[in-house]
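Remarks on the overall topology
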Amino acid sequence: MSAPEQNPSPHPDRRWVTVILGSGLAASVVSFLYPAIRYIIPPPVAESTNRSVVAAKVAELKNNTGKIFKFGSKPGLLVRMPDGTFRAFSAVCTHLNCTVQYRDDLHEIWCACHNGLYDLEGRNVSGPPPRPLETFEVHVQGEDVVVTRNS
Amino acid sequence: MSSLFRRTLDWLDERFGAGSIEEFLRHKTVPIHKHSVWYYFGGMTLFLFVVQVLTGILLLLYYRPTPNDAFESVQYLMTQVRFGWLIRSVHSWSANLMILAAFIHMFSVYFLKAYRKPRELTWITGMLLLFIVMGFGFSGYLLPWNTLAFFATKVGTEMAGSIPIVGKWFLVFLRGGDEVTGATLTRFFGFHVAVLPGLATTLLALHLLLVQTLGMSVPPGVERAIAEGRQPRRSMPFVPNFFLRDAIGWYAALGVLGALAAIFPWELGVKADPFAAAPAGIRPEWYFLFVFQTLKYIPAKVFFIDGELLGIFGFSAAALIWVAIPFLDRRVGFAPLTRFFTGLGIFVIGYMIVLSWLALR
């Protein structure tokens with residue numbers, strides 16, 4: 001008995017059906033996935049456009065101390081130098097995003113997370129930080145210490 | 001066997017197919033040899049996972065996943081809810097013991113070379129489960145919304161963000177924005193109580209199915225001794241002999257958990273303040289310490305590559321090689337290669353212990 005006769009190659013029309021059904025299916029999968037993937041990424045939050053903020057009152061900080069202040073959505077660090085002048089930096093460590101602090105014993109800026117050190121110019125001097133801290137301008141206006149982002 | 005049990009078994013067998021349940025239970029045996037003790041750690045990890053699921057469900061009755069409420073709800077649970085301190089402390093201790101048990105299980109499988117053919121997939125599913133368990137640890141750590149957790153999450157997600165090309169996307173995906181905020185807490189809560197449990201349960205089912213299908217591995221040394229007639233091949237049935245031994249271990253583990261929770265209740269710490277400096281002495285959970293300490297040592301730039309990028313690449317490459325071990329160590333029995341992989345394992349354990357110790361100093 002001979003084997004039942006088989007079509008050696010699929011019917012040409014059949015291939016078109018596969019292609020059309022297949023691309024339809026693929027398109028619908030993409031149309032399901034696309035909204036889901038877009039949904040996962042949240043919409044961007046408008047950055048605060050304020051270039052200036054009152055970081056502290058002059059009387060609030062003694063010489064050789066530091067204070068974390070809110071600058072938009074990020075923390076800033078205001079340092080009152082031993083000579084009474086003010087300096088301001090971004091408080092976000094350039095290594096892995098921790099919040100730095102002023103060390104009055106070292107006269108330097110220190111990140112507790114991975115022991116990074118910056119000098120009072122904001123330069124990364126030791127430990128893992130790859131870049132200096134962003135520096136801000138400081139103006140004393142009456143009782144207020146005003147910090148301004150460099151344009 | 002009591003007649004009620006017999007009757008129940010027969011009733012089920014009529015529905016599942018004659019003898020299939022008994023056959024399933026009888027199929028699994030546990031080899032007896034001088035390394036048999038290591039067979040207990042997989043079951044121990046599984047038991048602690050069950051403890052995690054049960055205590056986790058109980059914690060869900062009071063926990064509120066928002067930055068204004070999370071810390072307070074855990075505080076309420078610890079101080080006002082009867083036995084709340086016990087449930088949370090058991091959950092935290094059991095999490096840590098589970099990770100310890102999983103690491104012991106993984107290293108014992110590694111050194112006894114139980115990953116060798118045909119158990120490559122068992123190893124891979126096991127490694128994926130280990131990564132998921134670490135994901136549980138990382139996401140769960142943030143949920144009480146305390147300072148330590150806040151900065152640990154900042155650092156951990158920032159590391160993910162420094163991956164080239166997809167890093168930024170991945171960071172925003174993890175944090176639910178550019179910064180660690182309430183959106184991050186909501187996401188981590190979702191990962192911790194829905195995404196990861198779903199993945200873990202699926203992988204666990206696969207892992208156990210593979211163990212059931214392939215049976216327990218006998219170490220190559222023991223296998224050789226049996227082949228050379230130096231020792232007989234001995235085994236015990238899994239049900240009930242090994243299972244009852246397992247159960248004794250689990251019972252003891254419950255005792256240890258209760259004691260640890262009562263004597264060392266898990267601390268809550270200080271509520272996270274996004275506008276406060278990272279506190280001195282900050283460090284992650286013990287099982288991430290070796291990564292943490294390595295990051296401290298890598299300088300800002302190595303030649304022209306960013307230090308943190310180098311760290312992430314190093315650890316990712318190491319993890320990939322570790323997962324692929326069954327395909328690299330294919331000629332177990334070929335002494336030099338086998339010895340190399342054993343040496344590698346000892347080096348890895350040594351590295352993890354020494355760097356963790358340096359981080360704690």
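In case you missed it, the structure is sitting above this.
Because the structure is predicted, anything quoted here is derived from the model rather than measured.

Some words on the overall build of chain A
A count of helical and extended segments in chain A gives one helix and ten strands. When the helices and strands of chain A are listed from N to C terminus, the series reads α-β-β-β-β-β-β-β-β-β-β. Its C-alpha radius of gyration of 30 Å places chain A more than 25% over the 15 Å reference for a compact globule of 151 residues. By principal-axis analysis of the C-alpha atoms, chain A measures approximately 105 × 35 × 20 Å. For chain A, the proportion of contacts with a sequence separation of at least 24, taken over those separated by at least 6, is 38%. Element-wise, carbon and sulfur atoms account for 58% of the exposed surface of chain A, whose accessible area totals about 9,400 Å². When the 15 basic and 14 acidic side-chain charges of chain A are each reduced to a single mean position, those positions are 4 Å apart.

Structural notes on empty space enclosed by the protein
Under the definition given, this model contains one cavity of 30 Å³ or more. The computed volume of the largest cavity comes to approximately 50 Å³. As for the largest cavity, its lining consists of A:His95, A:Pro128, A:Pro130, B:Leu295, B:Ile298, B:Pro299, B:Ala300, B:Gly307 and B:Glu308. Taken together, the residues of the lining of the largest cavity sort by class into six nonpolar, two polar and one charged.

With respect to the pattern of salt bridges
Pairing between side chains of opposite charge can happen when their charged atoms approach one another. Taken as a whole and judged by the stated rule, the model has 14 salt bridges over all chains. Between A:Arg103 and A:Asp105 there is a salt bridge, and its shortest N-O distance comes to 2.9 Å. Residues B:Arg230 and B:Glu228 are paired through a salt bridge, measuring 2.7 Å at the closest nitrogen-oxygen approach. Of the two residues, B:Arg230 and B:Glu228, both sit in the exposed class.

Digging into the nonpolar core
Formed by 94 residues in total, the largest nonpolar core has its most connected members in A:Val100, A:Ile109, B:Phe103 and B:Trp123. The residues contacting B:Phe103, other than those within four sequence positions of it, are B:Leu130, B:Met134, B:Tyr287 and B:Met352.

Reading the values: the criteria
Residues numbered from 1 in each chain as written. Chains lettered and ligands numbered in written order. Predicted model: local features only at pLDDT ≥ 70, side-chain atom pairs only at ≥ 80, totals over all residues. Heavy atoms only, no water. Helix = DSSP H or I, 4+ residues; strand = E, 2+ residues; numbered from the N terminus. Rg over C-alpha atoms; globule rule 2.2 N^0.38 Å. Contact = heavy atoms within 4.5 Å. Areas by Shrake-Rupley, 256 points an atom, 1.4 Å probe, with all protein chains shown as cover. Lys, Arg positive; Asp, Glu negative; His and termini not counted. Charge placed at Lys NZ, Arg CZ, Asp CG, Glu CD. 1 Å grid on protein atoms, 1.4 Å probe; cavity = no way out; pocket = protein on both sides within 12 Å on 5 of 7 lines; lining within 4 Å. Points joined across faces, edges and corners; volume = space filled by probe spheres on them. Nonpolar A, V, L, I, M, F, W, Y, C, P; charged D, E, K, R; others polar. Salt bridge = Lys/Arg side-chain N within 4 Å of Asp/Glu carboxyl O. Buried < 20%, exposed > 50% of the residue type's maximum accessible area, 1.4 Å probe, protein only. Core = buried A, V, L, I, M, F, W, Y, C linked by side-chain atoms within 4.5 Å.

That is the geometry; function is a separate question.
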